[in-house]
Amino acid sequence: MAVKRVRFTFPEDLIKEPLIHNLGHEFRVITNVRMADVDEKTGWVLLELEGEPGEIERSLAWAQQKGVRIDPVAGDIVEG
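Computed from a predicted structure; not experimentally measured. (Residues numbered from 1 in each chain as written. Predicted model: local features only at pLDDT ≥ 70, side-chain atom pairs only at ≥ 80, totals over all residues. Heavy atoms only, no water.)

Thoughts on the sheet that holds strand 4 (residues 69-72)
Alright, step 1. Strands sit in the order 2-3-1-4 across an open sheet of four strands; the sheet is antiparallel. Unpaired on one side and paired on the other, strand 2 (30-38) and strand 4 mark the two borders of the sheet. Across the sheet, the mean angle from the axis of one strand to that of its neighbour is 25°, orientation sign disregarded.
Alright, step 2. Bridging between strand 1 (residues 2-10) and strand 3 (residues 43-51) involves nine bridges; their strand directions are antiparallel. What sits directly across from Lys-4, in strand 3, is Leu-49. (Pairing = 2+ DSSP bridges. Helix = DSSP H or I, 4+ residues; strand = E, 2+ residues; numbered from the N terminus. Axes fitted to C-alpha atoms, helices over the stretch in contact; angles between N-to-C directions.)

In structure tokens form, the structure reads like this:
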């Protein structure tokens, strides 16, 4: 098992899509939302993915293909 922390930034047309849920279901990775700021036009999520390394990478490639911008997150994530 591996853990990877990333920031998803959603374009306006994807804000209402259940991408994080679908990602976890389709790729069998655990999706832990650590922080988020989402409204009807913009949104970002700090996400911690846990699972097999290959599945995590496949899930991120899938999300990018859908139009999500993905940036790495370094350091600890503090829940608030």
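Some remarks on the packing of helix 1 (residues 19-27) against helix 2 (residues 53-66)
Alright, step 1. Running from amino to carboxyl end, helix 1 crosses helix 2 at an angle of 140°, the nearest separation of the two axes being 10 Å. Our pair here, helix 1 against helix 2, has a crossing hand that is right-handed. Contacts from Leu-19, Asn-22, Leu-23, Glu-26 and Phe-27 of helix 1 reach helix 2 at Glu-55, Arg-58, Ser-59, Trp-62, Ala-63 and Lys-66.
Alright, step 2. Residues of the contact of helix 1 with helix 2, tallied by class, amount to five nonpolar, two polar and four charged. (Left-handed = near helix turned anticlockwise from the far one by under 90°. Contact = heavy atoms within 4.5 Å. Nonpolar A, V, L, I, M, F, W, Y, C, P; charged D, E, K, R; others polar.)

Some points on the environment of Val-3
Alright, step 1. Inspection of the secondary structure assignment puts Val-3 in strand 1.
Alright, step 2. C-alpha separation for the pair Val-3 and Asp-13, spaced 10 residues apart in sequence, amounts to 28 Å.

A short note on the environment of Ser-59
Alright, step 1. Note on placement: Ser-59 falls in helix 2.
Alright, step 2. By relative accessible area, which is 0% here, Ser-59 ends up buried.
Alright, step 3. In sequence terms Ser-59 and Pro-11 are 48 residues apart; their C-alpha atoms lie 18 Å from each other.
Alright, step 4. If near-sequence neighbours (up to four positions away) are discounted, Ser-59 is found in contact with Leu-23, Phe-27, Val-29 and Leu-49.
Alright, step 5. Within polar-contact distance, the side chain of Ser-59 engages the backbone oxygen of Ile-56 at 2.7 Å. (Buried < 20%, exposed > 50% of the residue type's maximum accessible area, 1.4 Å probe, protein only. Polar contact = N/O pair within 3.5 Å; in protein donor to acceptor, adjacent residues only side chain to side chain.)

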